[in-house]
Structures are given as structure tokens and as C-alpha cells.
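Survey of secondary and tertiary structure
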Amino acid sequence: MTLYRRTTGWGWAEIDDHGGEHVAVIDHLGELAVRDSPVPMRLEAASAELDSDAEGDFIRFAVAAMSTRDALRGTSFDQWVGSPFAGPLLEGHVIVRATGDGRFSMSWELMSTHDINATYLRGPWVRFGQGAFGVEKDDAILPGIEWAEGSEWTSGSDWFRDPWAWRVTPPVDSVGIPVMAVSRGETYVSVAWDAGGEATGWFSYSRHRLQPVFAAPNVVERSDSSLLGLMLPETAGSGDQWAADQPLELHRGQVLTFSATVAVGRGSSLDAVVDAVRRTGMPDAATPGDLEEGVHRIARTYGDTLWHEGEGFGLGQKPGDIGLGRPPFVEDYLRAYPERAEAGRLRALVASLPVEENADVVQIADGYLAEQCDDGSFVFDPNGRHRSKDDFVVARDLVAPMGMPGDRALDLDVLPALHMLRAFTRSGEARFRDGARRALDAARRHSRPEGGDFWETPLNAPNLLAAGHAAVAYAWAWQLFGDESDRSASAHWMRSLLVFTHLWEPKHRSMLFNTKPCLCSSDWYFANWVRDHVQWEVIETFALAGELDVDLTAVDDELDWSAYARGVLGAGCRWLLDHRDDTWRPHNLPQTLAIYRAGGFDGCLPDTHNSTTGLYGGMAIPPGRLGQAILSLVAR
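What you see as residue numbers is a count from 1 along each chain, following the sequence as written. This being a predicted model, a pLDDT of at least 70 is required before a residue's local features are given, and a value of 80 or more before pairs of side-chain atoms are given or counted; all residues contribute to the totals for chains, interfaces and linings. Hydrogens are left out, water is left out, and the side-chain values use all remaining heavy atoms of the structure.

1. Here we look at the sheet that holds strand β22 (residues 322-323)
- Strands were regarded as paired on the criterion that DSSP finds at least two bridges between them. Per the convention used, a helix needs a DSSP run of H or I reaching at least four residues, while a strand needs a run of E reaching at least two, with both numbered from the N terminus. An order of β20-β21-β22 is seen for the three strands of this open sheet, with the pairing classed as antiparallel. At either margin of the open sheet sits one strand with a lone partner, and together these are β20 (307-308) and β22.

Structure representation (C-alpha cells):
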């Protein structure tokens, strides 16, 4: 980073990559827009002071945001500009410190000198590509919100329609990991910050956290660049508010403190996310003891809530969901904890049920072999194999198709590969091994997980379930065949899970390790998966791995995937319903609210969690896969 002085004072900067090529501009040390003043004023410093402390050298800028009136004094504008403010509106200092390896910490401590109403105070304001390659990018990621590639726009309508498409200033609580990044040509620039830290507050008035502003291309300023910025105040709208409708009230003597880290690194935006997680570490998560208590609660749920005398196990949520089948979790629990009281109850119940035949995995795999393309891939067939709901028709007729026949996506390849690997391990037949290898080789063309929720979301939207299936498929292939390229592929898809995972939580709401299913909307309009968490998909990833005896925690030793697994499964235990909390509403099956209030879904998983209200919704889901995933992890 090279810092420069304008004619009016320090502070703007240029950022070069590790080869010395210009990649980004930091436009200012801050910018203040006041409601009753016509021109936003930058925070600038008359001098730069080099200093040091126990952490090393740093540069301190004594900054001030001048008023328009003072800035125009002595000019031809002086006689007709009647701004009521005289003197700097904000004063303080900004510290810039190089922390090594292309990373720069920036911290602000400011004080308001007036009672003013600000439409914004911008902090770090990074324009990636400004003065160089412009809007060109390889990818752009804000975890939980965006994952755009190539010429796609962030806040574009590729997988949303307005107003949900706008995500330039998303609600702070909906951000998964507080880091945003844009990359091009194996170089990324990222901005990381403390999402939960309060930047300012006044007595008993509202307090404000930093608001991310993320736009690639930079639609905020309609500039030939991509924008990574932080501002005050927090917005509460649909994501298109980069100036406050309700102004930020600042009072004389009010202090504002915040910080951020700007980094330039080698790799993609996903590498920037991984680097941020590596540096902070995985958050503290549930212990094995916590998870064991959760699995016993699930066992009690099957022995009580989900048992219907004379009918079998099930929810009773809709016709046909109670039956005489033996839940796989119950069988697994009886093997793991045969002496527990819960096991005695369950053993008596399953003894009354018939033994089921397993699905014919060879027949299923043969079906996939018959559909495999010459290059090993599989294609989207919305009018045939992939039509499971009428969402395709609804979306096509109301807006646009969610996918076209012949389209390709990661999950379309790796899911058949999993079925063929099952058939190979059962039968030993080489055709299934070869078919799986060809499918996994074809899937290497993909760098972003897509296609996992094809039944109700745009096919090529960023998707967690596809990432999970791919991580398991490549890890299993690595364990079976020993090819290190499969291990690397599995590690990439494991890392992709981070983009959908909450690795921080606000003070007022438990959301740590909650996950987003995808970064899109259902059927273009009917559910916003940037706002809502879904936990069953990440649970399914670890349940499937346990079922296949695949150790996902072994594919990547740079991150603590054991802590990640404990975290997402512990979050699943936190989701388990208790009607006394009254936090769930079945918006798609409203008639089942009475069952919930009677305790009929206690111990089950809700379908969704709203990151902005903290409430749960959707259908109730049996918790068996969560129990199986926990049993596998605890045993391992």
C-alpha cells in the first residue's frame, strides 16, 4: 500500500499486488455526508506521523472533516453558501499499520464536534480495479450474501428478482463471515472487520455497527471498479441503501471507533475467506458431551413424540408421513447405546415393525450409467428425471425457467458419482468405478457449487448442498483409490461450505454455525435464502459422510474441520423445537400450528431460521439425520 497526499491533505492510497501491479485504490481515510450540507467532506490530515509500539511501526493521521462553509471560505462561493456549520465536523485520528504478508490494519477514533445528522460516514472505501482493469473480476464473495463469478453482477438478477436482488448493503446479521473479497488473475483484495462491534452510540439512543457495502461492479458510484466498503449507519432496508433515509444522529462529544483489515493476497475470493477463517480460527463449538446429550434427546423424541401407536414412526404433519419403516437413526442408536434407557424403549418399538429391504443400489447406478454423457457429465432434465415438484412450471410461467434442458451443474455430476461408488463398493464391478471416475473428472470443470436445490431454486445459483455432496464424493474417491487430486478437490468443496456458514453471531441472537442453503431465492420470488438459514443440508453432508465411513475432517489440515463439524451439529441441536419457546410458525402448513403447540413436534428440526427476526418457520423435519451425523462424529 502506498499512501498519498492530496492538495487538501493526506489520505488516499494505492494497492499493488505481489508483483507490483496496481490493483486497487483506497479513496479516502473517511468521508462524511451531512444532511444539510451539499458536499460530502473527506477526512483528511495535514500531516502523517510515523510512530511505533509493541506491535510495530504505524502511521498516525490526525484527521478532520471540514464543513462546506469553511472549505469555501475566501472563494467566489463564499457569498451564497449558507451552511450553518463552522469548523471541522469530525476530528480524531486514523492509524494505518502494515502487519505483513500484504495485510494492513486501519483503525479510526473520531469525535463529533457538533450536533449533526449524517446521511453516511464512510470508513475504508476500496475500489478494486480502479485505474487498472476496471470491473473485470474472476469472483466476488461476501459470505452468506454473494458469490459472483466472471461477468455476473453482485446484486444481479441471475437468481433473484427485485427487491430481493439488491444486496449492496445487506442486513448486518445476515452476513455469514465478516470479510468481503474480489479477485482477478490470481490476486484478491479483501476487507475484514468486526461485525458485532459497536462503532458508536449516544446515551440510551441507538447504537450502530459497521455496515458492509459490496458491489461488483460498483453500482453505488457507477464507477469502473468493484467496491468493498464499510459505512455508518447500519441500514434496515432491502439492501439498496448506501445513504441513510433515517440519518445517523451525531452529538457533540460523541465518539466513533472502528477498525478494518485490508489484505491483498494470492488466489481467489474463496482463498481470501479461508485466509480470514485461518487467522481467526474456528469459533468455540459444541463439545462431544454436548452432542451426546443432543443425540439422547433425539432418541427420546423418536420414543415419544414421533411414535404413533399402531401406526409407526412419523410426524403426523401431512397424510402419509407416518409409517411402519424402521428409522435408520434408531437402528444406529441401538448399536451405539444399547444400555441406555432410551434404547430400551426404542428396542421395544422397533421389535413390532417389519424388516425393510434395502434399495437396489446396483439398479440405481445402472440408471445413471445409461444417462451419462460421453464426457462423463450429466445434464439437467427438468421435464424428466429432475422434475419432482411443479416449481419448474410455476417459475417458468411466472418469471423464467430455473434451468434449461441440457444445462450443467456440479451436483448433477457428483450425486450420480456417489451412487456409482456405492454400487462399486457393493458389487466390485469396474463399470461403476469407471463411471464414477468419469463423472468426478467431468465435475472438475466447476469452481463454484451449484445445482443442489434444483427442485425450487435457479440451477446455477451458489449452493451448499452441492458443495457437501462434492466434498463427500471426492473424499470417498480419495479413500478408495488414493488419488491426491481427489483429496484436493474435496478440500476445495469443504472450504466452499464456509461461504454459506455463520462464523460469528450478534449479541442478541444465537446464530453461530447456522448455514444458508443457497444464495438465491426459491422460484425467483417465494423464499429469500440470503435472509433465511437452513440447517438440514449441512447436517446431511456429515450424516452422508458418516454413513459411508468418510472422514471429511482429514482432507484439509489447514482448518479445524472437527470444530466445524461439532459447530454445525451443535447448532442443529440448538434448533430442536420446544413448543414452550413458541418460536416456530408453519407458514406452508398453518393447520399444523395446533400440533406444535401441543408439543407434537418437540425435538424436531424446523425448516428455516430468519436471520433478521430470529424466528423459525417452514415445515418440521424429523431429526434422525442429525442424530446419525452426531453418532458418527462422536464415534470417530
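2. Examining the environment of N460
- Its location among the elements puts N460 in the loop between α9 (430-442) and α10 (464-481).
- Linking N460 and A409, residues 51 residues apart in sequence, is a C-alpha distance of 6.4 Å.
- We call two residues in contact when some of their heavy atoms are within 4.5 Å. With residues near it in sequence (within four places) discarded, N460 still touches W159, D407, R408, A409, R448 and E450.
- Within the structure, N460 has its side chain in polar contact with the side chain of E450 (distance 2.8 Å). Polar contacts, as counted here, are pairs of nitrogen or oxygen atoms within 3.5 Å of one another; within protein the pair requires one atom able to donate a hydrogen and one able to accept it, and residues that are adjacent in sequence qualify only if both atoms are side-chain atoms.

3. Observations concerning helix α6 (residues 361-371)
- Relative accessibility under 20% of the residue-type maximum defines a buried residue, over 50% an exposed one, and the middle range a partly exposed one, all with a 1.4 Å probe and only protein chains included. Residues of α6 that are buried: V361, A365 and Y368. All buried residues of α6 project into a common sector of 55 degrees when viewed along the axis, lining one side. Of the residues in α6, the exposed ones pointing more than 90 degrees away from the buried face are Q363 and A370.
- Buried residues in α6 make contact with α8 (410-427) and α9.
- Its side-chain oxygen at 3.2 Å from the backbone nitrogen of V362, D360 defines the N-terminal cap of α6. Arc definition: directions from the helix axis to the C-beta atoms.

4. A look at the nonpolar core
- What makes a nonpolar core is a set of buried Ala, Val, Leu, Ile, Met, Phe, Trp, Tyr and Cys residues whose side-chain atoms join them at distances within 4.5 Å. With 178 residues, the main nonpolar core has M282, L498 and Y564 as its most contacted residues.
- The element contributing the most residues to this core is α10, with 12 residues.
- Ignoring sequence-local partners within four residues, the contact set of L498 consists of P143, I177, V273, V274, V277, M282, L503, L559, W561 and Y564.
- Formed by 11 residues, the second largest nonpolar core is a distinct cluster that contains A33, W125, V168 and L227.

5. Thoughts on the packing of helix α4 (residues 328-336) against helix α5 (residues 341-350)
- For the pair α4 and α5, the least separation of the axes is 10 Å and the interaxial angle reads 130 degrees. Judged by the inter-axis angle, α4 sits oblique to α5. Crossing of α4 over α5 shows left-handed handedness. Only E342, A343, L346, R347 and V350 of α5 make contact with α4, whose side of the interface consists of V330, Y333 and L334. All axes here are fitted lines through C-alpha atoms, helices being fitted over the stretch that makes contact, and every angle between N-to-C directions spans 0 to 180 degrees. Our angle categories are set so that under 35 degrees counts as roughly parallel, over 145 as roughly antiparallel, 65 to 115 as roughly perpendicular, and the remainder as oblique. Each crossing gets its hand from how the near helix is turned against the far one by less than a right angle, where anticlockwise is left-handed and clockwise is right-handed.

6. Section: the packing of aromatic side chains
- When two rings of Phe, Tyr or Trp (its six-membered ring) have centres within 6.5 Å they constitute a pair, described as stacked for plane angles under 30 degrees, edge-to-face for angles over 60, and tilted for the intermediate range. Considering all chains together, one arrives at 25 aromatic pairs under this definition.
- When the ring of F128 is compared with that of F133, the centres are 5.1 Å apart and the planes differ by 65 degrees; the resulting orientation is edge-to-face. Both residues of the pair, F128 and F133, count as buried.
- Geometrically, the ring pair formed by W575 and Y616 is edge-to-face, given 5.3 Å between the ring centres and 65 degrees between the ring planes. Taken together, the positions of W575 in helix α13 (residues 561-575) and Y616 in strand β28 (residues 616-621) put the pair 41 residues apart, joining distant regions of the chain.
- The buried category is assigned to W575, whose relative accessible area is 1%.
- Residue Y616 is classed as buried on the basis of its relative accessible area, which comes to 14%.
- Site record: aromatic cluster; members linked through ring pairs are Y302, W307, F313, F329, Y333 and Y337.
- The ring of W524 is capped by R161, whose NZ or CZ atom sits 4.3 Å from the centre of that ring. Ring-over charges, as used throughout, are those where CZ of Arg or NZ of Lys falls within 6 Å of the ring centre and within 35 degrees of the ring normal.

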